[in-house]
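Structural description and commentary
Given next are the chains, with one letter for each unit.
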Amino acid sequence: SQQGEEDPQALSIQEGENATMNCSYKTSINNLQWYRQNSGRGLVHLILIRSNEREKHSGRLRVTLDTSKKSSSLLITASRAADTASYFCAPDSYNTDKLIFGTGTRLQVFP
Amino acid sequence: GAGVSQSPRYKVAKRGQDVALRCDPISGHVSLFWYQQALGQGPEFLTYFQNEAQLDKSGLPSDRFFAERPEGSVSTLKIQRTQQEDSAVYLCASSLVGGADEQYFGPGTRLTVT
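Throughout what follows, the structure given in this document is the object of discussion. (Residues numbered from 1 in each chain as written. Chains lettered and ligands numbered in written order. Predicted model: local features only at pLDDT ≥ 70, side-chain atom pairs only at ≥ 80, totals over all residues. Heavy atoms only, no water.)

Details of the overall build of chain A
Put simply, the rule is: A helix here means a DSSP run of H or I that spans at least four residues, while a strand means a run of E at least two residues long, and both kinds are numbered starting from the N terminus. Exposure classes here rest on a 1.4 Å probe applied to the protein chains alone. A residue is buried below 20% of its type maximum, exposed above 50%, and partly exposed in between. Contacts between residues were defined by any pair of non-hydrogen atoms, one from each residue, lying within 4.5 Å. The protein chains shown are the only cover counted for residues, whose accessible areas, like all others here, come from Shrake-Rupley with a 1.4 Å probe. When charges are counted, Lys and Arg contribute as positive and Asp and Glu as negative, whereas His and the chain ends are disregarded. Here the site of a charge means NZ on Lys, CZ on Arg, CG on Asp, or CD on Glu.
Per the secondary structure count, chain A includes zero helices and ten strands. Walking chain A from its N terminus toward its C terminus, one meets helices and strands in the order β-β-β-β-β-β-β-β-β-β. Referenced to the eigenvectors of the C-alpha coordinate spread, the extents of chain A come out at roughly 45 × 25 × 20 Å. Out of the 111 residues belonging to chain A, those deemed buried represent 49%. In chain A, the proportion of contacts linking residues at least 24 apart, taken out of those at least 6 apart, comes to 55%. Working note: accessible area of chain A is about 5,300 Å², and carbon and sulfur atoms make up 44% of it. For chain A, the separation between the mean place of its 13 positive charges and that of its 11 negative charges on side chains is 3 Å.

Quick notes on the interface of chain B and chain A
Our working definition: Put simply, buried area is the surface a 1.4 Å probe can reach on two separate parts but cannot reach once they are joined, added for both. Any Lys or Arg side-chain nitrogen located within 4 Å of an Asp or Glu carboxyl oxygen qualifies as a salt bridge. For this classification, the nonpolar set comprises Ala, Val, Leu, Ile, Met, Phe, Trp, Tyr, Cys and Pro, the charged set comprises Asp, Glu, Lys and Arg, and every other residue, Gly included, is treated as polar.
Taken together, the 18 residues of chain B in the interface contact 16 residues of chain A. Between chain B and chain A the total buried area reaches about 1,400 Å² when both faces are included, carbon and sulfur atoms providing 53% of it. Viewed at the interface, chain A and chain B are joined by zero salt bridges. In terms of residue count, strand β4 (residues 31–37) of chain B provides more of the side of chain B that touches chain A than any other element does, three residues in total. Its residues assigned to classes, the side of chain B that touches chain A comprises eight nonpolar, seven polar and three charged.

Structural notes on the sheet that holds strand β1 (residues 5–7) of chain B
All names here are of chain B. Keep this limit in mind: At least two bridges found by DSSP between two strands are what make those strands a pair. Axes here mean lines fitted to C-alpha atoms, for a helix over just the part in contact, with angles spanning 0 to 180 degrees between N-to-C directions.
Read across the sheet, four strands follow the order β1-β3-β8-β7 without closing on themselves; strand pairing throughout is antiparallel. The sheet is open, and its two borders are formed by β1 and β7 (65–68), each paired with just one other strand. Looking at each pair of strands side by side, their axes are set apart by 15° on average, direction ignored.

A word on the state of the cysteines
All names here are of chain A. To keep things clear, this is the line we draw: Criterion for a disulfide: a pair of cysteine sulfur atoms at a distance within 2.5 Å.
Tallied over the full model, the rule gives two disulfides over all chains. For cysteine 23, the disulfide goes to cysteine 89, at an S-S distance of 2.0 Å. Its S-S torsion of approximately 65° makes the covalent link between cysteine 23 and cysteine 89 right-handed. In this pair, cysteine 23 sits in strand β3 (residues 19–24) while cysteine 89 sits in strand β9 (residues 85–91), placing the two residues 66 residues apart along the sequence. Assessed through its relative accessible area of 0%, cysteine 89 is described here as buried.

As for the pattern of salt bridges
As a working rule, side chains carrying opposite charge can pair if their charged atoms are close by. Residues and elements named next belong to chain B. Tallied over the full model, the rule gives six salt bridges over all chains. Aspartate 24 is paired through a salt bridge with arginine 22; the nearest N and O atoms lie 2.7 Å apart. Aspartate 24 gets classed as partly exposed once you look at its relative accessible area, which sits at 23%. The shortest N-O distance in the salt bridge between aspartate 86 and arginine 64 comes to 2.8 Å. In this pair, aspartate 86 sits in the loop between β8 (75–79) and β9 (88–95) while arginine 64 sits in the loop between β6 (53–56) and β7, placing the two residues 22 residues apart along the sequence.

From the geometry alone we can't say anything about function, so treat these as descriptive.
Next up, the structure:
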């Protein structure tokens, strides 16, 4: 089944550093979404990138998509302690409306 | 504005009991999803509604799981004869139009089966 697999599984950085998370998936997509989950706010949508887009920005977030390699990356610049959370990619697929989440990357940002 | 709400937030059930979990989506959202999330894992798709029609229930783990959305708004996920392996957080999400759009998640219901 279609699934986003995030890499690395865990990442620890200092405040101010950049964090990069990668996602690989298996079949063709219409779009791919990134979500964040922490204990305080639950699961929150971050950004959606369509299959015909290569890069998208939202504030300190930068997402890239390479459909030829079936991969995406999420870059968080100038990280803050509040960015501490699990990050999930969720690709869709052409023939279903559901999202399939991976196991996520657990990001820890130390002050 | 009001987001997706779920009730109860926590539920403890004895093995064999039936439970009902409620989801109130954002008003006007056409699509509604249920996910199951085990500790340390990502959300796993259970089922999907577009208005009152259940379009995909391929993720329901057994026939003990049943979901409905009779009027195209509030949805209920029912689990009959609960088992310990049903212990998880059950998340509900809604989206304005189609399933591949941005989904707005509720806080979840944490179910513990003892």
